[in-house]
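# Observations on chain architecture
Listed here are the chains, written in short residue letters.
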Amino acid sequence: MNENEKNPLLNMQRIMQESKELSEAGTTGDTPEKKVKKERTVNARLKHEQGIRRKNTANEGNASEVGTGNIAEEKLAEKKPVRRTAAKRVRNAENKETVDTNEVSGEMKKSVARYVAPTDRVVPTLAEQVSNILMENTNKKRRGRIKKTSKKIKIIPLGGLEQIGMNITAFEYEDSIMVVDCGLAFPSDDMLGIDLVIPDITYLKDNYLKVKGFCITHGHEDHIGALPYILKQLNVPVYGTKLTCALIDKKLKEHQIDDTAKLNVVKYGDVVKLGDFKVEFVKTNHSIADAAALAIHSPAGTVFHTGDFKVDYTPVFGDPADLGRMAEIGKQGCLAMLCDSTNATRPGFTMSERTVGKTFDMIFAEHKDSRIIVATFASNVDRVQQIINTAYKYDRKVVVEGRSMVNVIGTAADLGYIDIPEGTLIDIDHLKDYPQEKTVIITTGSQGESMAALSRMASSVHRKVEISTEDVVIMSSTPIPGNEKAVSKVINELSMKGAEVIFQDTHVSGHACQEEIKLMYSLLKPKFALPVHGEYRHLMAGRGLAEAVGIPSENVLIMSSGDVVELSEYSCKTVGHVEAGGVFVDGLGVGDVGNIVLRDRQSLSQNGIIIVAMSLEHGTNRLLSGPDIVSRGFVYVRESTDLMNEASAVVREAVADCLHARITDWAKIKNVVRDSLSEFLWKRMKRNPVILPIIMEVH
């Protein structure tokens, strides 16, 4: 192999020249002028490459061997910009290697076209060198992609999932936390003696300095009810619409913290800055006026929280939902949407609130000779407005009964959210002054609450209203999941008193059905979907609706209370869990009743209690008197004398065994007595009452 064959540069030039000659020879339509032009182009390119190599040789001290003709060629090459290719980069790199002063042969100094490979290493082929350069560029691009990082926002639901009520969700970005809603839940049947359940905000208290404020979507109890309790622990600004803030203010006055609270009224379209968040209030419809959705703008993207909503094109008060603004947010880019899922199992659309007014009109027209009692949600101002309108049309006086109903109607009337014709509203004390067929009573208790006005009327314990056979009761609501038994009980009691109960077509929901939820997804076009507000079956139905409109299943996440969801442009996943759950409110006590107390209450309610009282001598622990056994909720003592005597004998034997075993610790004696008596009663009665031993010391 000669030196020219070893030189890859000369091989490449030869291959390029031969390929050009072949392509020129294969061209059938070339004229002689075109062939001459192509030859001149090839010669010019070769001269240009020779000039570059000679210039590199001159920079290493060989300028004397380069002629004046080469200098002219170098100037020509500098004027004409040449496109750098991978092959030319290889040639430049090889030229630099060939001009090492101690390793270049004398023949190479005379002719730059000649190349002598170093003897201590293998020279890679041209294809290998080009491949290495391309691979290096690819690796650089990959390293550049890896360095890209996306901003992340955390979503932490502290309540409102897998249940109806107690809605509260925290949004966190770096050193900023903003909270959406702060509601309460009503106790279930097994929460004996509990009045309310409020969310556990341990995580917010642990990050107090990060919390910038609360944004409230609307004025229902499951969204504002816990604020008076929470603001005592976490006094931060609260933002809401006009009616929402007015209802919150009434609650704060009841708890005597209205002077220290920081309430801020906002309008639709206003943007509130909370740390790194910018929260925009967007008009929606619900069963209470002034409901809003929230567009939460953050450096990581926009998260849209629908709140409780429905699409009502003909609302009783105010304007329809601002679907245009929602579509604009969707065009600008919506990272994720938290959507109301309460009615996700119901097909179709939710009926307009105005349809209930037509039903009221028909009922009033058919029962002109009866007193009408309407039970509905206290906060449903639009429903109350339609009842008042119908009563005024049929020349009836209206009485509002129930503390919460009076508060909401009074607040709405002061703000102009309800129009009551003059002379229509009367006090309940004046009810007896009018014929029954000329009156209408609007009351609370549509959910069967035991202390609500309707429940007291049904059980004949209301002081000023007594149900008669001439009454017509309209149940203008549907039972919230879990309240069905209580509602049925009230309806049965009313029916037993001869009243006619109507509940057909007297209520429309304030929550969106399936087609409205699909419409919301179509307008916002979120990348990720996180169904909220509902039991687990509702959340799963919401997941199905999100997938039905084209959101990939891997982009839909079902959350649980306490989950820490990390959201970015590329992912949505659960990365942790924080303390969350319910805190029990019993009377004035908040959090002092826990699961152990509830368990004791349940045991007392199911099995009763037995108290064992006895007197022991000081020092010897000898039984001086007793044991005396008192039973409550277990058996009727006067009819169970034999059982009580046998129980006393068991206790005496247990105390004697303790003395024989030299047990002097009273705590151990109580445990022995409790275990012995419990075993006896279970064998005899198959019951397990609470046993409370009491020991008195006698000197």
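What this report covers is the structure whose coordinates are included nearby. (Residues numbered from 1 in each chain as written. Predicted model: local features only at pLDDT ≥ 70, side-chain atom pairs only at ≥ 80, totals over all residues. Heavy atoms only, no water.)

Across the sheet, which stays open at both edges, the three strands sit in the order β4-β21-β22 with antiparallel pairing between neighbours. Two strands bound the open sheet, and with one partner strand each, they are β4 (196-199) and β22 (589-590). Two strands pair when backbone bridges link them, and strand β21 (residues 582-586) and β22 are joined in this way by two bridges, in the antiparallel orientation. Bridge pairing links V585 to V590 in β22. (Pairing = 2+ DSSP bridges. Helix = DSSP H or I, 4+ residues; strand = E, 2+ residues; numbered from the N terminus.)

Sizing a probe to match a water molecule and rolling it over the atoms shows the empty space that remains. In total, this model carries two cavities of 30 Å³ or more according to the counting rule given. Taken as a whole, the largest cavity encloses approximately 110 Å³ of empty space. Together, 14 residues line the largest cavity, and N167, T169, H305, V532 and H533 are the ones closest to its centre. Looking at the lining of the largest cavity, the elements that each hand over two or more residues are β1 (153-159) and β2 (168-173). Across the lining of the largest cavity, the residue classes break down as four nonpolar, eight polar and two charged. (1 Å grid on protein atoms, 1.4 Å probe; cavity = no way out; pocket = protein on both sides within 12 Å on 5 of 7 lines; lining within 4 Å. Points joined across faces, edges and corners; volume = space filled by probe spheres on them. Nonpolar A, V, L, I, M, F, W, Y, C, P; charged D, E, K, R; others polar.)

Moving on to the environment of P526. Relative to the helices and strands, P526 resides in the loop between α18 (514-524) and β18 (528-532). Residue class for P526 comes out buried when judged on its relative accessible area of 7%. Residues P526 and M337 lie 189 residues apart in sequence; the distance between their C-alpha atoms is 5.9 Å. If we skip the residues at most four places from it in the chain, P526 touches C334, L335, A336, M337, Y521 and I551. (Buried < 20%, exposed > 50% of the residue type's maximum accessible area, 1.4 Å probe, protein only. Contact = heavy atoms within 4.5 Å.)

Turning to the packing of helix α12 (residues 323-332) against α18, a few remarks are in order. Each pair of packed helices can be described by the angle between their axes along with the distance between the axes. Where α12 contacts α18, the axes come no closer than 7 Å and their chain directions differ by 50 degrees. Taken together, the axes of α12 and α18 are oblique relative to one another. Of the residues in α18, those in contact with L323, M326, A327, I329 and G330 of α12 are L519, M520, L523 and L524. Of the residues belonging to the contact of α12 with α18, the class tally is eight nonpolar, one polar and no charged. (Axes fitted to C-alpha atoms, helices over the stretch in contact; angles between N-to-C directions. Parallel < 35°, antiparallel > 145°, perpendicular 65-115°, else oblique.)

Let us now look at the environment of T241. One can find T241 in the loop between β6 (238-240) and α11 (242-254). In this structure T241 comes out as buried when scored by relative accessible area, which is 3%. The contact partners of T241, leaving out residues within four places of it in the chain, are V265, V266, Y268, D290 and A292. One polar contact links the side chain of T241 to the main-chain carbonyl oxygen of D290, over a distance of 2.7 Å. (Polar contact = N/O pair within 3.5 Å; in protein donor to acceptor, adjacent residues only side chain to side chain.)

This part takes up the sheet that holds strand β10 (residues 292-298). One open sheet holds the six strands; their spatial order is β8-β9-β10-β11-β12-β18, and the pairing between them is mixed. Only two strands of the sheet have a single neighbouring strand rather than two, namely β8 (271-274) and β18. In this sheet, adjacent strand axes meet at a mean angle of 20 degrees when their direction is disregarded. Across four bridges, β8 lies against strand β9 (residues 277-283) in antiparallel orientation. Residue pairing across strands places L274 opposite F277, the latter belonging to β9. In the packing of α12 onto the sheet, contacts are made with β9, β10 and β11 (301-305), and the angle to β9 comes to roughly 145 degrees.

Attention now moves to a nonpolar patch on the surface. Among the surface-exposed residues, L692, I694 and M696 lie close enough to one another that they form a single nonpolar patch of about 250 Å² accessible area. For I694, the position within the fold is in strand β25 (residues 690-698). When its relative accessible area of 36% is taken as the criterion, I694 is described as partly exposed. (Patch = residues over 30% accessible without salt bridge, like charges linked within 9 Å, V, L, I, M, F, W, Y side chains within 5 Å. Areas by Shrake-Rupley, 256 points an atom, 1.4 Å probe, with all protein chains shown as cover. Salt bridge = Lys/Arg side-chain N within 4 Å of Asp/Glu carboxyl O.)

On to the nonpolar core, then. Residues L204, F214 and L227 are the most contacted members of the largest nonpolar core, which totals 62 residues. A per-element tally of this core places helix α14 (residues 381-393) first, with five residues. The contact partners of L204, leaving out residues within four places of it in the chain, are L158, I168, A170, I177, V179, V211 and L234. (Core = buried A, V, L, I, M, F, W, Y, C linked by side-chain atoms within 4.5 Å.)

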